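The chain contents come next:
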Amino acid sequence: MKAQNRRNAALAALVIGAALIAIGYVVGLPPVVFVGALFTAGCAALLQGEHRSLTIVAGMLTATALLPVIVLIQPFSTFSSQNLWIDGFSIAGIFVLLALGLNIVVGLSGLLDLGYAAFYAIGSYTFAFAASSFTGLDFPFWPMLIAGAISAAVFGILLGAPTLRLRGDYLAIVTLGFGEIVPIVILNSSKYTLGPNGIGGISRPEIFGFEFPIQNPWPFYLAMVGIVTITMILIYRLQDSRLGRAWMAIREDELAAASSGVNTVTTKLLAFALGASTAGLAGVFAASKLSVVTPNLFRFDVSFTVLAMVVLGGMGNIWGVAIGAFVLYTIQSVILKQLNQFFAAADVPFLSSIDFIEYQFLLYGIALVAMMLLRPEGLFPSIRRKRELHVDDAGEGPTTTADAMGAAPQ
Amino acid sequence: MSSVATSAPAAPSANPILALRRAGPFFFVLALAALVYALIGPQQFANALTIGAIYALIALGYTMVYGIIALINFAHGEIFMVGAFVSLFFLGEQLGQTGPVRDLPVLLVLVIAAFLVTMVVVGLLGVLIERFAYRPLRNAPRLAPLITAIGISFILQNVVQIIYGPSPVNTPQIIAPTERFGLLGASIGYVNLFVLAAAVVLMVLLQLFVNRTRLGRAMRSTAQDREAAQLMGVDINRTIAATFFIGSALAGAAGVVYGLYFGNISFVIGFQAGLKAFTAAVLGGIGNITGAALGGFIIGFVEVTAAATGYFVWAQALVFTTLILVLVFRPAGLLGQQLGERA
Amino acid sequence: MELRKLAALAVGTMVLAAACQAGAPGSPSAGASGAAKGTLKIGVTLPLSGGARADGAPALRGVELAVAEANEAGGVGGYNLELSVLDHAVNGKYNEQQGAKDMQTLVGDTSVIGAVGPYNSAVAKVQIPISNDAGLLQCSPANTNEGLTKPDFGALDYRKNFPDRINYVRVATTDDIQGPAMSAYAYNDLGLRNILVVDDVTTFGTGVADNFQKEFERLGGTTADRIGANADTTDFVPIITAAKEKNPDGVYYGGVVPSGGGLLLKQMAQQGLDVPFLGPDGIKNGSGEDEGALIQIAGSDESKNSYATVAAIGDFPAKAEFDGRFTEHFKDESDFKTPGAYSGPAYACATIILEALEKAAAGAADMAALREAVRANVTAGTAFETVLGSVTFDENGDTSQLIISFYKVDPALKNGKGDWVFIEQQDFGGAVGGAEGSPEASGEAGGSPEASGS
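Residues numbered from 1 in each chain as written. Chains lettered and ligands numbered in written order. Predicted model: local features only at pLDDT ≥ 70, side-chain atom pairs only at ≥ 80, totals over all residues.

**Here we look at the overall build of chain C**
Then comes step 1: The secondary structure content of chain C amounts to 14 helices and 16 strands.
Then comes step 2: Across the 454 residues of chain C, 63% fall into the buried class.
Then comes step 3: In chain C, of all internal contacts separated by at least 6 residues, the share reaching a separation of at least 24 is 77%. (Helix = DSSP H or I, 4+ residues; strand = E, 2+ residues; numbered from the N terminus. Buried ≥ 20, exposed ≤ 12 C-beta atoms within 10 Å, placed from the backbone. Contact = placed C-beta atoms within 7 Å.)

What follows is the structure, given as structure tokens:
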């Protein structure tokens, strides 16, 4: 098929699909939504590799339309009602954003950040200061999304500027330390942060004077879908830009990258700042959704959960990471919880005594080790990353392979 | 990559400037100790030395592993925690100890047995982890074993939690914690003295081992240049395994003394202690054994000084701030070689 | 260009359609069961797994007992009752995000007419905005933070949308009573004058320690030192050493045992700081036989000088009888077979919801009206006859029973492993609580594992 024809077909599929989805929702006919989603999915497939941004839009449209319908089907419908699934999806979206941001740092640039939750906290508190009764301010949500992202990025630069010169694994420790310091500082600066009490009564987003309701999860869901879509498009564009190629060059061999004219410090700093700003974005959204922020929400387990999401999803692959985060969050928050209740209710001898949530981090641990040993490229690898991680299989070279952590070969 | 696994500070050197440079950090630590002593008094100073000794023992394992394969062994803090539980299992559950043992010979036998059993078990655990989780990734990108290490630490934590439950568990304090003696106007617990002595003895033994034995020499040469060492006939796998054994065994010893000193352990003690011990290793110059020991004591000083001056809630933040500042301004640490800023 | 415009149009249509959908929330499914008298649910939102299970499970048992008894008696107002139990502990600790999600679950289920929980004040802060918006009655057996209900302490932040529609009530009294009660006890009864105050830097711990300290100083006592010790502290030795120089004659720990209360007491004994150890309900978490209990961690002899307040009535008239029914009902369970400190209050919460339902059941046209009638009944100043005695709620949803119970450790109990014994209870609210509220009630051995509250 010629490119022009394919493009037209894709376009038609998108329009028909969106129309069908719209009709399906208005009339309340899930099958129509399904057919519509098929069209948009077809559009995404047709444009794959050719028109990235539109592929993302079509792909996200498919997912957005399908998810609420899928949860009406067995067995998903037994877990909880549609509204609750939707509510869960918007929280899952927070983790998708976090994973996308961390992926810039870990996946694309090969810098290990173990204190990523700190930037999430900074974004959250930025909005808490800007729109709560604690400060008496009430800035609107949408511009604050950007402000939260910027303030997180500023902290990212402040932390990164002096430390990014270090070897990669030192960076891991510095960020881990930073991730510990931020909640401690928030906790113990009661005068400015209300300390352990946290800041409550944070405003909800508003659109044309319509405030997002507490009980109807749809506005948050749609807003989240919008934010994730835009973020993904931006990250894809970045990845394909000169900067993105510089990131990957640094990841693969920093010394070589530096000698071919890449300014490694600035490049890494940008990765760090952009990763942080995505976390800030997620933080603003989370603060507004939960209406309360407390330091307890940003402990190291958040950083490690997001890291597990990125690793399992496939470092470097934007779709992989997004899907990994989404699936992991859903499993952890809905299915593990329900498994407990299900087995407890059914009184299955052995299984009912197991607390699946209790073993969450054990499962993460096993998954991380198994993943690194067996499939380091993740469940949904990016092609480039896969090639790089399996370099040993290709040719049994000397031990001095390219080092993703950016350390020079010995 | 750091090139020296150990430095012999007292070694006579033809170059007086070099000798001075080597001695410099020791003067720094001594001066710091004097300052801290003046600030917080003998009683708190004893507390700082005790907790510092525990950090130092854990830090040794970090520094040895980093020195030899340039891996931050994230699971090391958890190995320390496992050590504390192995010691509880041996002393408490197998030997049925619950409280102080007043009979000195019996006490001595018990303590030494606890050290030996724990150190061997935990050392083997370290070897096992290296064999199955790190060795297959030795030539992989550096990110890979780091992530495996995080995974291993989750696994160790959760396995202990499953066995012993989420609540803290009491350990037998076979050295009576309330028995004290007077020194310089302070009243020091015998258990404090014991912790410090045990740590110092183990460190001296380690120095002797690394400097005087064949295996120790193999370790140093592997740390310096793995390929050259291999060419010279050093069995790299065996040497790395031995390093893991010794490093983990020392963390196990730290677990034993932790249990004896505090009398209570839980599955979460490894994370914080590991982080602080890592800070100690970096502070001293990662890869440098003497440095790690000094670093441990410095962390003890920082923590206790914060507590003694009314900034207890900031103690942790202060330790991590120290870490960041050291990494930024002197990434090689106190005793490490100044490296080029290779990223 | 063309392509993008059309794509934008397509997405726009989609969003619009979804927004239309959003305008009409899914209520039709609910109407079906409204008329026919069927089964109603009581929500339970507590931390129920991992280390936090010890906090939530005794309260859950209380609710289970109340509902089982109501069903045996033929239901309430023609309805059968069942529980919708949700656990918001993640990795063994309470989690606000999960708490919010669980409250969404409960308000979204139209057959839920009331909820019992949460246990931690921090979780209440995220749940109240949601339950308030939905008008769902929520009764906490254990929350004591004054900021949840009292407008002077910022409670209106949590009921922004309907500040006058009180839907959150609690049967435990608040920390601005619990803290000062111990101050007076320490100053007058124990004769302490110079106290070291340590808190665990949590919403609950810092709050109750502030309240204690303020009142203790007002009475004329001095604070030897005020120290925050983050919840993961294991080494208290340096702060004990520092405090010893100031010669405190007592230590108040504002916090819970998992934050380090037990370790503090243990290390105090080791360092030779042998003074009374005081605390709120957070330190009274079971006997020396219970894993993770203060007495078990510190040792029975080391904790012999420990005193704790509980922000609820400890010696209620029906206690022995309630304990008997409880133990009988749960004798086949694998854990938490005997009542904890918050089993009775949780049972009372369930009773209150059921009594309100009884009154509301006749008049309500549909589920939404029933839910609202239940809520309105509870906050209309009605008196409820509960196992704790007669309870009414004030204009903020706080209980009329301003009773603080005092407990002390008896190291000889439980075969020398030690347990808490009830000393007395004091009524800070006048006579509403009934005769049992008299300041000097008789001592009684409360030999049961009991959970800490916050």
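**Looking at the overall build of chain B**
Then comes step 1: Within chain B one finds 11 helices and 4 strands.
Then comes step 2: Counting only C-alpha atoms, chain B reaches 55 × 45 × 40 Å along its principal axes.
Then comes step 3: Considering chain B as a whole, with its 343 residues, one finds that 59% of them fall into the buried category.
Then comes step 4: Within chain B, contacts between residues at least 6 apart in sequence are counted, and of these 78% link residues at least 24 apart.

**A few points about the interface of chain A and chain B**
Then comes step 1: Listed by partner, the interface residues are 47 residues for chain A and 36 residues for chain B.
Then comes step 2: Of all the secondary-structure elements, those providing two or more residues to the side of chain A that touches chain B are helix 7 (141-163), helix 8 (168-188), helix 14 (300-313) and helix 16 (360-374) of chain A.
Then comes step 3: Among the elements that line the side of chain A that touches chain B, the one with the most residues is helix 8 of chain A, at 14 residues.
Then comes step 4: Looking at side-chain class alone, the side of chain A that touches chain B contains 29 nonpolar, 11 polar and 7 charged residues. (Nonpolar A, V, L, I, M, F, W, Y, C, P; charged D, E, K, R; others polar.)

**What to know about the nonpolar core**
Then comes step 1: Of all hydrophobic cores here, the largest spans 410 residues; its most connected members are A:Ala99, B:Leu57 and C:Ile353.
Then comes step 2: For A:Ala99, the contacting residues outside a window of four places in its chain are A:Val306, A:Met309, A:Val310, A:Gly313, A:Val321, A:Ala322, A:Gly324 and A:Ala325. (Core = buried A, V, L, I, M, F, W, Y, C linked by C-beta atoms within 7 Å.)

**Here's the deal with helix 8 (residues 236-262) of chain B**
All names here are of chain B.
Then comes step 1: Compared with the 39 Å implied by 1.5 Å per residue over 27 residues, the 39 Å span of helix 8 between its first and last C-alpha is a close match.
Then comes step 2: With 23 of 27 residues buried, helix 8 is to be regarded as a mostly interior element.
Then comes step 3: Gly 263 sits one or two positions beyond helix 8 and adopts a positive phi of about 75 degrees. (Expected span 1.5 Å × (residues − 1).)

**Structural notes on the environment of A:Leu312**
Residue and element names in this part refer to chain A.
Then comes step 1: If you trace the backbone, Leu 312 turns up in helix 14.
Then comes step 2: Leu 312 sits in the buried class, given 25 other C-beta atoms within 10 Å.
Then comes step 3: Along the primary structure Leu 312 and Met 371 are separated by 59 residues, whereas in three dimensions their C-alpha atoms are 7.0 Å apart.

**A closer look at the packing of helix 12 (residues 343-360) of chain C against helix 13 (residues 367-378) of chain C**
All names here are of chain C.
Then comes step 1: Orientation of helix 12 relative to helix 13, taken along the N-to-C sense of each, is 115 degrees, at an axis distance of 8 Å. Relative to helix 13, helix 12 is oriented so that their crossing is right-handed. For the pair helix 12 and helix 13, the contacting residues are Ile 352, Ile 353, Ala 356, Leu 357, Lys 359 and Ala 360 in the first and Leu 370, Ala 373, Val 374, Asn 377 and Val 378 in the second.
Then comes step 2: For the contact of helix 12 with helix 13, the class distribution of residues is 9 nonpolar, 1 polar and 1 charged. (Axes fitted to C-alpha atoms, helices over the stretch in contact; angles between N-to-C directions. Left-handed = near helix turned anticlockwise from the far one by under 90°.)

**Things to note about the sheet that holds strand 10 (residues 250-254) of chain C**
Across a sheet, paired strands are connected by hydrogen bonds in the backbone, their directions being either parallel or antiparallel.
All names here are of chain C.
Then comes step 1: Strand order in the open sheet made by the 7 strands is 9-8-10-11-12-15-16, with mixed pairing throughout. Each edge of the sheet is formed by a strand with only one pairing partner; in this case those strands are strand 9 (222-228) and strand 16 (419-427). Looking at each pair of strands side by side, their axes are set apart by 20 degrees on average, direction ignored.
Then comes step 2: Two elements, strand 8 (residues 194-199) and strand 9, share 6 bridges in a ladder whose sense is parallel. Residue Ile 195 lies in a different strand from strand 9, and its bridge partner there is Thr 223. (Pairing = 2+ DSSP bridges.)

**A few points about the confidence of the model for chain B**
Residue and element names in this part refer to chain B.
Then comes step 1: Here chain B averages 84 in pLDDT, while 92% of its residues score no lower than 70.
Then comes step 2: The low-confidence segment residues 1-13, where pLDDT is below 50, has 38 contacts with residues more than four positions distant or belonging to other chains.
Then comes step 3: Across residues 338-343, where pLDDT falls below 50, the model places 9 contacts with residues more than four positions away in sequence or in other chains. (pLDDT = per-residue confidence, 0-100.)

**Considering the sheet that holds strand 7 (residues 168-170) of chain C**
All names here are of chain C.
Then comes step 1: Across the sheet, 5 strands lie side by side as 2-1-5-6-7; this open sheet has parallel pairing. Unpaired on one side and paired on the other, strand 2 (80-87) and strand 7 mark the two borders of the sheet. This sheet shows a mean twist of 25 degrees between the axes of neighbouring strands, independent of strand direction.
Then comes step 2: As paired elements, strand 6 (residues 138-140) and strand 7 share 3 bridges and run parallel to each other. Residue pairing in the sheet places Gln 138 in a bridge with Tyr 168 of strand 7.

**Thoughts on the domain arrangement of chain C**
All names here are of chain C.
Then comes step 1: Domain boundaries in chain C define domain 1 (37-173 + 319-391) and domain 2 (175-310 + 403-437).
Then comes step 2: Between the C-alpha centres of domain 1 and domain 2 the distance comes to 28 Å.
Then comes step 3: Contact residues are listed per partner, giving 11 residues for domain 1 and 18 residues for domain 2.
Then comes step 4: Mapped by element, the contributors of at least two residues to the side of domain 1 that touches domain 2 are helix 5 (121-134) and strand 14 (389-391).
Then comes step 5: Tallied by class, the residues present in the side of domain 1 that touches domain 2 amount to 3 nonpolar, 7 polar and 1 charged. (Domains from an automatic or database assignment.)

**Here's the deal with the environment of B:Phe90**
Residue and element names in this part refer to chain B.
Then comes step 1: Secondary-structure assignment places Phe 90 in helix 2 (residues 76-94).
Then comes step 2: Of the residues examined, Phe 90 has 21 C-beta atoms within 10 Å and is grouped as buried.
Then comes step 3: Residues Phe 90 and Val 117, 27 residues apart in the sequence, show an inter-C-alpha distance of 7.7 Å.

**Examining the pairing of strand 1 (residues 39-46) of chain C**
Residue and element names in this part refer to chain C.
Then comes step 1: Of all 8 residues making up strand 1, 7 are buried, and the element is well covered by its neighbours.
Then comes step 2: Looking at chain direction, strand 1 and strand 2 are connected through 8 bridges and run parallel. Paired with Leu 40 across the two strands is Leu 81, which belongs to strand 2.

**Some remarks on unusual backbone geometry**
Then comes step 1: Cis geometry is found at the peptide bond from C:Gly117 to C:Pro118, where omega equals 0 degrees.
Then comes step 2: Even without a glycine there, the phi angle at A:Leu194 is positive, about 60 degrees.
Then comes step 3: You can see A:Leu194 is positioned in the loop between helix 9 (190-193) and strand 3 (206-207).

**Some words on the packing of helix 4 (residues 96-108) of chain C against helix 5 of chain C**
All names here are of chain C.
Then comes step 1: Look at helix 4 against helix 5: their axes get within 8 Å of each other, and the N-to-C directions meet at 25 degrees. With respect to their mutual orientation, helix 4 and helix 5 come out roughly parallel. Seen from above, helix 4 lies across helix 5 with right-handed handedness. Between helix 4 and helix 5, the contacting residues are Glu 96, Gly 99, Ala 100, Met 103, Gln 104 and Val 107 on the first element and Ala 122, Val 123, Val 126, Gln 127, Ile 130, Ser 131 and Ala 134 on the second. (Parallel < 35°, antiparallel > 145°, perpendicular 65-115°, else oblique.)

**Brief notes about the environment of C:Leu388**
Residue and element names in this part refer to chain C.
Then comes step 1: Within the secondary structure, Leu 388 is located in the loop between strand 13 (384-386) and strand 14.
Then comes step 2: By C-beta crowding, Leu 388 is classed as buried, having 31 other C-beta atoms within 10 Å.
Then comes step 3: For the pair Leu 388 and Gly 179, spaced 209 residues apart in sequence, the C-alpha separation works out to 21 Å.
Then comes step 4: Among residues more than four places away in sequence, those in contact with Leu 388 are Val 171, Ile 313, Phe 316, Gly 344, Pro 345, Ala 348 and Gln 401.

**Regarding the confidence of the model for chain C**
Caution is warranted with low-pLDDT regions, since their predicted coordinates should not be read in detail.
Residue and element names in this part refer to chain C.
Then comes step 1: Averaged over every residue, the pLDDT of chain C is 81; residues scoring 70 or more account for 86%.
Then comes step 2: Within the model, the stretch residues 19-36 combines pLDDT values under 50 with 17 contacts to residues more than four positions away or in other chains.
Then comes step 3: Note that pLDDT drops below 50 for residues 431-454; the model gives that stretch 80 contacts with residues more than four away or on any other chain.
Then comes step 4: Model confidence for the complex: the whole-complex pTM is 0.83, and ipTM, which rates the interface, is 0.85.

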